[in-house]
Number of protein chains: 2
Amino acid sequence: MTPQRRLILDILHSQNSHLTADDIYEKIKNHIAGVNISTVYRTLDLLEGLGLVVKSEYENGHIYHHAEEGRHHHLVCQECGQIQECTENSLLPLSLELKQKYGFEADLHHHVISGTCAKCHSATKTHHHTD
Amino acid sequence: MTPQRRLILDILHSQNSHLTADDIYEKIKNHIAGVNISTVYRTLDLLEGLGLVVKSEYENGHIYHHAEEGRHHHLVCQECGQIQECTENSLLPLSLELKQKYGFEADLHHHVISGTCAKCHSATKTHHHTD
DNA sequence: GTCCGTGCAAAGCGTTTGCACTGTC
DNA sequence: GACAGTGCAAACGCTTTGCACGGAC
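The present account deals with the structure reproduced in this document. Just so it is clear, the model here is predicted, and its values are computed rather than measured. Sequence order as written defines the numbering, with residues in each chain counted from 1. Key to labels: chains lettered from A, ligands numbered from 1, both in the order written. Given that this is a predicted model, residues contribute local features only at a pLDDT of at least 70 and side-chain atom pairs are listed and counted only at 80 or more, while totals for whole chains, interfaces and linings are drawn from all residues. With hydrogens and water stripped out, all remaining heavy atoms of the structure feed into the side-chain values.

### A look at the protein's contact with DNA strand C
Surveying the vicinity of DNA strand C reveals 16 residues, the closest of which are T2, R5 and T39 of chain A together with Y41 and H62 of chain B. Residues are classed as near a molecule or strand on a simple rule: at least one heavy atom within 4 Å of it. When atoms of DNA strand C within 4 Å of the protein are sorted by moiety, sugar and phosphate together comprise 71%. Counting of polar contacts relies on pairs of N or O atoms within 3.5 Å, with two restrictions inside protein: one atom must be capable of donating a hydrogen and the other of accepting it, and residues adjacent in sequence are counted only when both atoms are side-chain atoms. Contacts to DNA strand C include Q4 of chain A, whose side-chain N or O atom sits 3.1 Å from a sugar or linking oxygen. Y41 of chain B is positioned with one of its side-chain polar atoms (N or O) 2.4 Å from a phosphate oxygen of DNA strand C. Secondary structure elements with two or more residues in the surface near DNA strand C: α1 (3-15) and α3 (37-49) of chain A together with α3 (37-49) and β2 (61-66) of chain B. Three classes are used, and their members are as follows: Ala, Val, Leu, Ile, Met, Phe, Trp, Tyr, Cys and Pro are nonpolar, Asp, Glu, Lys and Arg are charged, and the others, Gly among them, are polar. Within the surface near DNA strand C, the residues separate by chemical class into three nonpolar, 10 polar and three charged. Only runs of H or I of at least four residues qualify as helices and only runs of E of at least two qualify as strands under DSSP, and these elements are numbered from the N terminus.

### Side note on the protein's contact with DNA strand D
Among the 16 residues in the neighbourhood of DNA strand D, the closest are listed as Y41 and H62 of chain A together with T2, R5 and T39 of chain B. Of everything in DNA strand D that lies within 4 Å of the protein, sugar and phosphate atoms constitute 71%. One nitrogen or oxygen atom from the side chain of R42 of chain A is found 3.2 Å from a base oxygen belonging to DNA strand D. One of the side-chain N or O atoms of H62 of chain A is found 2.6 Å from a phosphate oxygen in DNA strand D. Breaking the surface near DNA strand D down by element, the ones donating at least two residues are α3 and β2 (61-66) of chain A together with α1 (3-15) and α3 of chain B. The residue inventory of the surface near DNA strand D, partitioned by class, reads three nonpolar, 10 polar and three charged.

### Side note on the relation of the copies chain A and chain B
Applying a rotation about an axis and a shift along it to one chain copy brings it onto the other copy. Once chain A has been moved 0.1 Å along the axis and rotated by 179°, it coincides with chain B to within an RMSD of 0.3 Å. Interpreted geometrically, this transformation is the action of a two-fold axis. By definition in these notes, contact holds between two residues if any of their heavy atoms fall within 4.5 Å. Most of the interface of chain A is mirrored in chain B: 100% of its interface residues are interface residues there too. We place the copies in one frame by least squares, fitting the C-alpha atoms of every residue whose pLDDT is at least 70 in both.

### Quick word on the sheet that holds strand β5 (residues 105-106) of chain B
Strands sit in the order β4(A)-β3(A)-β6(A)-β5(B) across an open sheet of four strands; the sheet is mixed. Each end of this open sheet is capped by a strand with a single partner; those strands are β4 (83-87) of chain A together with β5 of chain B. Axis definition: a line fitted to C-alpha atoms, over the contacting stretch in the case of helices. Angles run 0 to 180 degrees between N-to-C directions. Against the sheet, helix α4 (residues 92-102) of chain B contacts β3 (72-77), β4 and β6 (112-116) of chain A together with β5 of chain B, and its axis sits at roughly 110° relative to β4 of chain A. Here the rule is simple: two strands pair whenever DSSP picks up at least two bridges between them.

### Considerations on helix α4 (residues 92-102) of chain A
Residues and elements named next belong to chain A. Only protein chains enter the area calculation, which uses a 1.4 Å probe; residues under 20% of their type maximum are buried, those over 50% are exposed, and those in between are partly exposed. All buried positions along α4 are accounted for by L94, L98 and Y102. The buried residues of α4 occupy one face: seen down the axis, they fall within an arc of 40°. Seen from the open side of α4, the exposed residues pointing more than 90 degrees away from its buried face are L96 and Q100. Positive phi appears at G103, one or two residues downstream of α4, with a value of about 65°. Read the arc as the range of directions from the helix axis to the C-beta atoms.

### Points about the environment of L75 of chain A
Note that L75 of chain A resides in strand β3. Given the relative accessible area of 0%, L75 of chain A is considered buried. Taking the C-alpha atoms as reference points, L75 of chain A and K99 of chain A, separated by 24 residues in sequence, lie 23 Å from one another. If we ignore the near neighbours within four places in the chain, the residues touching L75 of chain A are Q82, I83, Q84, C86 and I113 of chain A together with L98, Y102 and F104 of chain B.

### Quick notes on the interface of chain A and chain B
Across the contact, 35 residues belong to chain A and 35 residues belong to chain B. Surface buried jointly by chain A and chain B totals about 2,500 Å² across both partners, of which 57% is contributed by carbon and sulfur atoms. Each salt bridge in this description consists of a side-chain nitrogen of Lys or Arg and a carboxyl oxygen of Asp or Glu lying within 4 Å of one another. The tally of links from chain A across to chain B stands at zero salt bridges. Connecting chain A to chain B are 10 residue pairs in polar contact (both at pLDDT 80 or more). With six residues, the top contributor of residues to the side of chain A that touches chain B is α4 of chain A. Tallied by class, the residues present in the side of chain A that touches chain B amount to 15 nonpolar, 12 polar and eight charged. Once two parts are joined, some of their accessible surface, as seen by a 1.4 Å probe, is lost; buried area is that loss totalled over both.

In short, geometric facts, not functional conclusions.
If you want it as structure tokens, here you go:
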């Protein structure tokens, strides 16, 4: 457990949110000069392998958060980019259905759902903006 | 509607499956020599805009299928890569819950769910293979 | 001396863009 | 001549990899 690795894990804990590799890289640079983005990726990979970090798909890349938050899913607003969490059990019925109907063992541990958050949705409705 | 565009749409219809831009590119090359991957992307973009093609997130890129298949979702097996479809209404209860609990308007029109298909799942259990 | 972790630069992959060519109106 | 569609090459953003250095055992 090197300073770089410790720091990456600390950042993920202290932010308690979902960060891209680059977010983490930017934050690290405030603490240790000369850190490299490749170290960030390598460390995130390692930490994911150790089960300390969870990696989720996000747009053209990935977002990471620490594993101790408990199981949850991400509701990503396509308008404002805000990421909300939803509890794991919201997806449990779906999981069961996929298992029963399709024999498919869904991996919903770190799932990303796109859509529109309440705020943006009401804004859209109010302004009648044509998409 | 140029030959290239017609062909891309035809490929998506004839395959009736989910293809990456590169899959399509490879298939096109069998019919028209000298087609460029950028034309594929541009055309897919255009067809998506016209509502003829649906684009979904997939690993580090995207998959495309034609729009006439009706609403469904993709169950992507992480072991064998196979893509199954599941009906739209499997996700309706989830959609309702996200709306009620979080005010989140989920866009589940072309959603990708990762996991393990029945075949691979039973194989894994049988072989006790350590991951 | 061997190993592991690292910084650095380069490569990789999927995707997008600038530009010049071609054909159509 | 204006325009749209294209091929080509170069660029892009995110991620991975090869290699050499440096510190721990």
